[in-house]
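Residue-level structural notes
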Amino acid sequence: AQAALSPALATGQFFTIGLVTAWYSSNIGVLLLNKYLLSNYGFKHPIFLTMCHMAACSLLSYVAVAWLKLVPVQAIRSRLQFLKIAALSLVFCGSVVSGNVSLRYLPVSFNQAVGATTPFFTALFAYLMTLRRESWITYITLVPVVTGVIIASGGEPSFHLFGFIMCIGATAARALKSVLQGILMSSEGEKLNSMNLLLYMAPIAVIFLLPTTLIMEDNVVGITLALAKEDFKVIWYLLFNSALAYFVNLTNFLVTKHTSALTLQ
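Residues numbered from 1 in each chain as written. Predicted model: local features only at pLDDT ≥ 70, side-chain atom pairs only at ≥ 80, totals over all residues. Heavy atoms only, no water.

In total, this model carries 12 aromatic pairs according to the counting rule given. Note on tyrosine 41 and tyrosine 237: the rings are 5.6 Å apart at their centroids and 80° apart in plane angle, and the pair reads as edge-to-face. With tyrosine 41 in the loop between α1 (2-40) and α2 (46-67) and tyrosine 237 in helix α10 (residues 233-258), this pair connects stretches of sequence that are 196 residues apart. The structure contains a cluster of three or more aromatic residues connected by ring pairs, namely Tyr36, Tyr41 and Tyr237. (Phe/Tyr/Trp six-rings, centres within 6.5 Å; stacked < 30°, edge-to-face > 60°. Helix = DSSP H or I, 4+ residues; strand = E, 2+ residues; numbered from the N terminus.)

Here it is as structure tokens:
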């Protein structure tokens, strides 16, 4: 029996490693492309960029679940479950928008250094929301991480207070999202697989982001079209960036499902 289990165990481990690698590489790709668009290219519309990501996630999730039938469609079973998905979507919007705003003021390297505190916030929210305690060694390993970020913040030549606050907000929201999605994907009776969760979450995010974009980023569509007339590559950048964002979210959910919220962070 032990010998029979070994190949299956090895396959499971390779699958998890593959998922983590896919999430890691796509995440780096989106981050660098976001930074290029928002800082170097001059596309100064982080909320609209986030809305493009969520629109792509809505469309590609629908194609994957309803048309290609990669997984069976799961219905929302209760109003409470819908409210949980809406809350997750709102937190997610907050994390991505804050992160994109911070990229306008901070270099990518410092943005990621601050993001290293996510496990601290994840452990905190996991304890507050689920009373889940990690081993003492896990908490001890968080101390040098947080200390390192504090030291890095003090010595960062490109430090910008507003950008730093946005980055911390994005980090805390990302941690809260990880814990919430872990609960949604594991609670009995409300269990949703990663593709269905994204299918329901992304359109709600678009509904949240559309009025926010129109209010806070005046004439963003007109500005984008004007940019496209000068250089049509901006449209390809947005399309590729949005498709890559779908892949980031999909692999993010899958890694959470096959490991845990804290392991992901």
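On to unusual backbone geometry, then. A negative phi angle is the norm for most residues apart from glycine, just as the trans form is the norm for most peptide bonds. Despite not being glycine, lysine 69 has its phi angle at roughly 50°, a positive value. With respect to the element layout, lysine 69 can be found in the loop between α2 and α3 (79-102). Lysine 69 sits in the exposed class, given a relative accessible area of 62%. Positive phi values are uncommon outside glycine, yet asparagine 219 reaches one of about 55°. (Buried < 20%, exposed > 50% of the residue type's maximum accessible area, 1.4 Å probe, protein only.)

Our next topic: the nonpolar core. Membership of the largest hydrophobic core comes to 56 residues, with the highest contact counts inside it found for Phe43 and Ile85. Among the secondary structure elements, those contributing two or more residues to this core are α1, α2, α3, α7 (161-184), α8 (194-216), α9 (220-230) and α10. Of all the elements, α8 adds the most residues to this core, at 10 residues. When neighbours within four sequence positions are excluded, phenylalanine 43 is seen to be in contact with Leu37, Leu38, Phe48, Leu49, Thr224, Leu227, Val234 and Leu238. (Core = buried A, V, L, I, M, F, W, Y, C linked by side-chain atoms within 4.5 Å. Contact = heavy atoms within 4.5 Å.)

Attention now goes to the packing of α9 against α10. In the contact formed by α9 and α10, the axes pass within 7 Å of each other and the chain directions differ by 120°. The orientation of α9 with respect to α10, classified from their angle, is oblique. Contacts between α9 and α10 involve Thr224, Leu227 and Ala228 from the former and Val234, Ile235 and Leu238 from the latter. A class-by-class count of the residues in the contact of α9 with α10 yields five nonpolar, one polar and no charged. (Axes fitted to C-alpha atoms, helices over the stretch in contact; angles between N-to-C directions. Parallel < 35°, antiparallel > 145°, perpendicular 65-115°, else oblique. Nonpolar A, V, L, I, M, F, W, Y, C, P; charged D, E, K, R; others polar.)

Time to look at the environment of alanine 56. Relative to the elements of secondary structure, alanine 56 occurs in helix α2. In this structure, the C-alpha to C-alpha distance between alanine 56 and serine 242, residues 186 residues apart in sequence, is 5.6 Å. Once you skip the residues sitting within four places of it in the chain, alanine 56 turns out to touch Ser242 and Ala243.

In this section: the side chain of serine 58. Take serine 58: it is sitting in helix α2. Engagement of the side chain of serine 58 in a polar contact is seen with the backbone oxygen of methionine 54, the distance being 2.9 Å. With residues up to four places along the chain from it excluded, the contact list for serine 58 reads Ala202, Pro203 and Val206. (Polar contact = N/O pair within 3.5 Å; in protein donor to acceptor, adjacent residues only side chain to side chain.)

This part covers helix α6 (residues 136-155). The terminal C-alpha atoms of α6, which comprises 20 residues, lie 30 Å apart, in line with the 28 Å expected from a rise of 1.5 Å per residue. Taken together, the buried positions of α6 are occupied by Leu142, Val149 and Ser153. Buried positions in α6, seen along its axis, are confined to an arc of 35° and lie on one side of it. Turned more than 90 degrees away from the buried face of α6, the exposed residues are Trp136, Val143, Pro144, Ile151, Gly154 and Gly155. (Expected span 1.5 Å × (residues − 1). Arc of directions from axis to C-beta.)

What follows concerns the packing of α7 against α10. For the pair α7 and α10, the least separation of the axes is 10 Å and the interaxial angle reads 65°. Once α7 is placed against α10, the crossing between them reads as right-handed. Contacts between α7 and α10 involve Lys177, Ser178, Gln181 and Gly182 from the former and Asn252, Phe253 and Thr256 from the latter. Grouping the amino acids of the contact of α7 with α10 by side-chain chemistry returns one nonpolar, five polar and one charged. (Left-handed = near helix turned anticlockwise from the far one by under 90°.)

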